[in-house]
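Structural overview for review
Here's the letter readout for the chains.
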Amino acid sequence: MTIATHERYAQMLDAARRGGYAYPAINVTSTQTLNAALQGFAEAESDGIIQISVGGAAYLSGQSVKDRVVGSLALASFAHEVAAHYPNITVALHTDHCAKQYLDEWVRPLLRHEIDEVAHGQEPTFQSHMWDGSTVPLDENLDIAEELLEQSVKAHTILEIEIGAVGGEEDGHSAEIDEKLYSTPADGVKVAQRLGLGERGLYMAAFTFGNVHGAYKPGIVQLRPELLGDIQHEVAAAVRDGRVSSVPTAFADSATARAGSGASLGTGANTGADTDAANAVAAEKPFALVFHGGSGSRPEEIAQAVSHGVVKMNVDTDTQYAFTRAVAGHMFEHYAGVLKIDGEVGEKRFYDPRSWGREAESSMAARIVEACQQLGSAGKALK
């Protein structure tokens, strides 16, 4: 099992929350970058998450097609074939940052496709989808999240939501670096009241604490990872005093409870002791959190965020650079061979895309190993 089942994915997220580590979620834009992600996870002996963005999905279908659903399904099909040759790790496939204007042409059609797959006794193509409601008011954000969560349950997928705005730019979406980048404990309570804490469907929450997409020099981005701890503590207190009626439970418990509706139980199901421990951690850290815009963050900021229940950290800018830097290095080193200069014929071995492609994949894979080590998932692939 290399591509996770619904239950295996739930077990992965429980293990991270219980063990105090997080999975790198690697954005890919091609079969090459997908292969690099698989190589990196395997070399790190880490499970992980592979994701595509709204722009990446369109790009994957070809620049003359630009169909996000086509690109998503094509990449997923390739991933299922290739990932089968990495039997010692488990990866989940995820769609990243779907804003409101893209729902009807991307995530909703994918969910309908996956609901049909589940109805026919199959596993869903993707294991999770992100609804990016950062540009709409919180009430509207949660209205849409409720609808998508209901569909996610039918599709046996996990929903990711974003509460607050992430600064910087990604795929044409941008936000200012200002006070809107900070969620509040009250926001956390409202999310729990509206969406529950697992009993209505499984979801991860990306509360913002100063996050910014892209690369910035030190001092520009002011992260406050302690805010994640404040949100977790406030929601846990709200459960105890009755402001939130839900009881946070292990993801695997909730996923298994729904298995009777057609899901197939994967291998490696939690033991009773594992589930008890996961439930105990969930009581204190009710949300499985996601860290967006982490490029350039200080190691201590990342470690503090993970300590508060971050189980998924998006990694894109740094792996893009690692991939492209290797290509640039190859071109500079073999300039005369890559280009046909002064009437010469160049050297095919240097302009063959496989030559620079292998270097790029290995460079990106090495950066992913670094991310796994930093987030603590290295060496912890579930058996």
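Residues numbered from 1 in each chain as written. Predicted model: local features only at pLDDT ≥ 70, side-chain atom pairs only at ≥ 80, totals over all residues. Heavy atoms only, no water.

Within the structure shown, the criterion is met by 20 salt bridges. For Arg224, the salt bridge goes to Glu226, with nearest N and O atoms at 3.8 Å. For Glu226, a relative accessible area of 34% gives the class partly exposed. Here Asp318 ties to Arg367 by a salt bridge, and the two come within 2.8 Å at their closest N and O atoms. Note that Asp318 is positioned in helix α12 (residues 317-333) and Arg367 in helix α15 (residues 353-375), a separation of 49 residues in sequence. A single network of salt bridges, built from pairs that share partners, joins Asp139, Asp143, Glu146, Lys190 and Arg194. (Salt bridge = Lys/Arg side-chain N within 4 Å of Asp/Glu carboxyl O. Buried < 20%, exposed > 50% of the residue type's maximum accessible area, 1.4 Å probe, protein only. Helix = DSSP H or I, 4+ residues; strand = E, 2+ residues; numbered from the N terminus.)

Before going further, it helps to spend a moment on the pairing of strand β10 (residues 310-315). For β10, the tally of buried residues reaches six of six residues, placing the bulk of the element in the interior. Summarising the sheet, strand β1 (residues 23-27) and β10 pair through four bridges and their orientation is parallel. Residue Pro24 lies in a different strand from β10, and its bridge partner there is Met313. (Pairing = 2+ DSSP bridges.)

Here we come to the confidence of the model for the protein chain. Scored by pLDDT, the protein chain has a mean of 91; 89% of the residues are at 70 or more. When the criterion is pLDDT under 50, residues 173-178 qualifies, and its contacts beyond four places in sequence or with other chains add up to 16 contacts. (pLDDT = per-residue confidence, 0-100. Contact = heavy atoms within 4.5 Å.)

Bringing the side chain of Thr33 into the picture now. Residue placement: Thr33 occurs in helix α2 (residues 31-44). On the accessibility criterion, Thr33 (7% relative accessible area) is buried. Looking at Thr33, its side chain comes within polar contact range of the main-chain nitrogen of Ser30, at 3.0 Å. Not counting chain neighbours up to four residues away, the residues in contact with Thr33 comprise Val28, Phe323 and Met364. (Polar contact = N/O pair within 3.5 Å; in protein donor to acceptor, adjacent residues only side chain to side chain.)

Here the focus is the environment of Leu148. Tracing the backbone shows Leu148 in helix α6 (residues 138-155). Accessibility expressed as a relative area gives 1% for Leu148, which makes it buried. Sequence separation between Leu148 and Ile161 is 13 residues, and the spatial gap between their C-alpha atoms is 9.9 Å. Residue contacts for Leu148: discarding those within four places in its chain leaves Leu103, Arg108, Leu111, Trp131 and Leu159.

Take α6 next. Here α6 contains 18 residues, and its C-alpha end-to-end distance of 25 Å stays within 8% of the 26 Å for a straight helix at 1.5 Å per residue. Taken together, the buried positions of α6 are Asn141, Leu142, Ile144, Ala145, Leu148, Leu149, Ser152 and Ala155. Looking straight down α6, one finds that the buried residues subtend no more than 160° of arc, so they occupy a single side. Along its buried surface, α6 packs onto α5 (107-119), β4 (128-131), β5 (158-163), α7 (185-195) and β8 (203-207). Following α6 by one or two positions, His156 has its phi on the positive side, about 55°. (Expected span 1.5 Å × (residues − 1). Arc of directions from axis to C-beta.)

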